[in-house]
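Residue-level structural notes
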Amino acid sequence: MASTVFLHVGAPLAPSTTLRDALAGHRRRLARVGVLYPPGHLGHDGGHREAVLDALSLTAEETVPTGSWDRLAEGVRDWRRGTAVLSNELLADASTSQVDRIVSSLGSAEVHVVYVAQDLGRALPRAWQQWVHSGGTVPWSSYASRVVNREAHRMGRVFWHSHDLAAVLGRWAGRVPADHVHVVTAAPGDTERTWARFAQTLGIDPQRFRLGAGPENGLAALAGTEVVRLLNAASGVDAEVDRRNLERLTGFALAVPGPGPRIPAELRDAAAAETERMVDAVRRHGWELVGDADDLRADDNAFAATPSDVRPGTEDVVRAQTEALRELCTRPQERRGPAGVRRRALRVLRGRVRP
């Protein structure tokens, strides 16, 4: 049986995809030194997504084979060479009863929980862009205000359920000792340093198992995301919209370059208070902090002194709309269908490629 199991449980939209890619890319070499990073369903590298959906009872919304988590856990229990690593940021949403099931399924292994945290200046814009990409129509400034001020609104509840470090790790701390809970801070603009912190926490030599090249900041431009938001609002009332072209246009709009969203300056104090709550929770509970606490504090560039929304008719939005329409009209349909465009859009939002 694996003597130690590390559960990488979040946070969502932190550099989790990049870290998982590194683990998956080194899977065979890691196994040779006693570290198991098991493949997902049918060998796919989805960060054990199917198994986690099963563990969180979300299978009704996805085509996920029943018992996916139990099969993954069985593979971990059968690993007799040392350490196993399981990773998916959806684990941040696990309830206390689901935490009980997950930890119990790993048998007598020593379970550790790893949470990769980043400042609100990076986490909040990515969350809004993911919200918009999933069909949201709320403007950036409204989203930021409702979340940072913890207004009683669904978008705020969704964000904090998985980004409130104290609440997330509090649900795991009931089954995992405090000294087995690790908070890794995501180094701003430096995925190599983030990977080094993460790998060392798992007992992996980051010099032997390198991260590889890749951009850290995958934020799409504010103007391009605003185009997608407007498309969402318009298509929501139009039953005749061509979904195929809408998906292609969405992908092109997200790929238009430009500055990303910045938090409205009037939210600076509230955002700072949230950061201090995170740092205080780590210290108060005795969880291990891997990295620098200052990395959890958003820098001045994360805040906008001027109005942070771009409105329909502004030069940036018109340029993004024009660019997306030009691509739609000139790029051959067969070269990049809607599925390819959608995949690229998701890769932009998750930090895999630059816009």
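Whatever comes next refers back to the structure up there.
As the structure is a computational prediction, the values presented were derived from the model and not from experiment. (Residues numbered from 1 in each chain as written. Predicted model: local features only at pLDDT ≥ 70, side-chain atom pairs only at ≥ 80, totals over all residues. Heavy atoms only, no water.)

Quick look at the nonpolar core now. Core analysis: the largest hydrophobic core is formed by 42 residues, its most contacted members being Leu 7, Trp 69, Leu 106, Tyr 115, Leu 165, Leu 169 and Trp 172. Ignoring any residue separated from it by four or fewer positions in sequence, one finds Trp 172 in contact with Leu 7, Val 9, Leu 91, Ala 94, Val 99, Ile 102, Val 103 and Val 113. By size, the runner-up hydrophobic cluster in this structure holds 39 residues, among which are Leu 120, Ala 144, Val 317 and Leu 328. (Core = buried A, V, L, I, M, F, W, Y, C linked by side-chain atoms within 4.5 Å. Buried < 20%, exposed > 50% of the residue type's maximum accessible area, 1.4 Å probe, protein only. Contact = heavy atoms within 4.5 Å.)

Let us now look at the sheet that holds strand 1 (residues 4-8). The pairing of strands in a sheet comes from backbone hydrogen bonds and takes either a parallel or an antiparallel form. Taking strand neighbours across the sheet as the criterion, the six strands line up as 2-3-1-4-5-7 in an open arrangement whose pairing is parallel. Sheet topology places strand 2 (35-36) and strand 7 (288-290) at the edges, where each strand pairs with a single neighbour. Examined bridge by bridge, strand 1 and strand 4 (residues 110-117) share five bridges and lie parallel to one another. Bridge assignment links Phe 6 to a residue of strand 4, and that residue is His 112. Its contacts with the sheet place helix 9 (residues 165-173) against strand 1, strand 4 and strand 5 (181-185), and it is angled at close to 170 degrees to strand 4. (Pairing = 2+ DSSP bridges. Helix = DSSP H or I, 4+ residues; strand = E, 2+ residues; numbered from the N terminus. Axes fitted to C-alpha atoms, helices over the stretch in contact; angles between N-to-C directions.)

In total, this model carries 17 salt bridges according to the counting rule given. The partner of Arg 175 in a salt bridge is Asp 100, and the shortest N-O contact between them spans 3.5 Å. Taken together, the residues Arg 175 in the loop between helix 9 and strand 5 and Asp 100 in helix 5 (residues 96-104) connect sequence positions 75 residues apart. For Arg 175, a relative accessible area of 35% puts it in the partly exposed group. In this structure, Glu 274 engages Arg 277 in a salt bridge whose closest nitrogen and oxygen atoms are separated by 2.8 Å. Highlighted residues: Glu 274 and Arg 277, both in helix 13 (residues 268-285), separated by three residues, approximately one helical turn. In this structure Glu 274 comes out as buried when scored by relative accessible area, which is 5%. The class of Arg 277 is partly exposed, set by a relative accessible area of 46%. Through salt bridges with shared partners, a single network forms among Arg 150, Asp 164, Glu 274 and Arg 277. (Salt bridge = Lys/Arg side-chain N within 4 Å of Asp/Glu carboxyl O.)

A cluster of basic residues, Arg 28, Arg 29, Arg 32 and Arg 208, forms a positive patch at the surface. Assignment of secondary structure puts Arg 28 in helix 2 (residues 27-32). (Patch = residues over 30% accessible without salt bridge, like charges linked within 9 Å, V, L, I, M, F, W, Y side chains within 5 Å. Areas by Shrake-Rupley, 256 points an atom, 1.4 Å probe, with all protein chains shown as cover. Lys, Arg positive; Asp, Glu negative; His and termini not counted. Charge placed at Lys NZ, Arg CZ, Asp CG, Glu CD.)

Attention now moves to the environment of Trp 140. Mapped onto the fold, Trp 140 is located in helix 7 (residues 140-148). The spacing of Trp 140 and Ser 308 is 168 residues in sequence and 7.5 Å in space, taken between C-alpha atoms. Residues contacting Trp 140, with those up to four places away along its chain left out, are Leu 124, Pro 125, Trp 128, Leu 222, Pro 261, Arg 262, Ile 263, Pro 264, Ser 308 and Asp 309.

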